[in-house]
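Descriptive structure summary
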Amino acid sequence: LTGTSVVLGFIRSLVFFNVLVKSAQTLHNNMFKAILRTSIHFFDTNPTGRILNRFSKDIGYVDSLLPWTFVDFTQDGISPTCLSASPPPE
């Protein structure tokens, strides 16, 4: 039982890691594409340092908040659903 718990915990960690990395990459790419599609007027009115600072601040915020949100979703959203779908104990 302990060995199974360790193996399942390891698999869960790998899945979480892969999902979080993929999500962060997707968000980063979408933000970068949005910046590339903006008009020249945006770059003329905003200094480059401000744009880079805001971009890195948003990415840092997402990177720190996304894991906790994902864990909360899986524990609070999926676990009760799985428990309610299981047969009642006899």
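Here is what the cut-offs are and how they apply
Residues numbered from 1 in each chain as written. Predicted model: local features only at pLDDT ≥ 70, side-chain atom pairs only at ≥ 80, totals over all residues. Heavy atoms only, no water. UniProt positions renumbered as here; feature names shortened; annotations may be inferred. Helix = DSSP H or I, 4+ residues; strand = E, 2+ residues; numbered from the N terminus. Expected span 1.5 Å × (residues − 1). Buried < 20%, exposed > 50% of the residue type's maximum accessible area, 1.4 Å probe, protein only. Patch = residues over 30% accessible without salt bridge, like charges linked within 9 Å, V, L, I, M, F, W, Y side chains within 5 Å. Areas by Shrake-Rupley, 256 points an atom, 1.4 Å probe, with all protein chains shown as cover. Salt bridge = Lys/Arg side-chain N within 4 Å of Asp/Glu carboxyl O. Phe/Tyr/Trp six-rings, centres within 6.5 Å; stacked < 30°, edge-to-face > 60°.

Let's talk about the UniProt feature "signal peptide" (unreviewed entry) in the protein
In this structure's numbering, the residues bearing the UniProt feature "signal peptide" (unreviewed entry) are residues 1–26. Overall, residues 1–26 shows 96% helix and 0% strand. The separation of its end C-alpha atoms is 37 Å.

A word on helix H1 (residues 2–36)
The end-to-end C-alpha distance of H1, which contains 35 residues, comes to 51 Å, matching closely the 51 Å that a straight helix rising 1.5 Å per residue would cover. Those residues of H1 lying buried are Phe16, Leu20 and Ala24.

Observations concerning a nonpolar patch on the surface
A contiguous nonpolar surface patch, about 610 Å² in accessible area, is contributed by Val7, Leu8, Phe10, Ile11, Leu14, Val15 and Val19. Judged by its relative accessible area of 31%, Val19 falls in the partly exposed class.

Overview of the packing of aromatic side chains
A complete count under the given rule lists 1 aromatic pair for this structure. Between Phe42 and Phe43 the ring centres are 5.4 Å apart and the planes differ by 80 degrees, which places this aromatic pair in the edge-to-face class.

Here's the deal with the environment of Ser23
In this fold, Ser23 is placed in helix H1. On the basis of relative accessibility, which here comes to 26%, the residue Ser23 falls in the partly exposed class. Sequence-wise, Ser23 and Val62 are 39 residues apart; in three dimensions their C-alpha atoms are separated by 9.7 Å.

Overview of the pattern of salt bridges
Under the counting rule described, the total for this entry stands at 1 salt bridge. Across the salt bridge formed by Arg54 and Asp58, the nearest N and O atoms sit 3.2 Å from each other. Placement of both Arg54 and Asp58 in helix H3 (residues 48–85) is noted, with a separation of 4 residues, approximately one turn of the helix. Look at Arg54 and you get exposed, because its relative accessible area is 53%. Residue Asp58 is classed as partly exposed on the basis of its relative accessible area, which comes to 25%.

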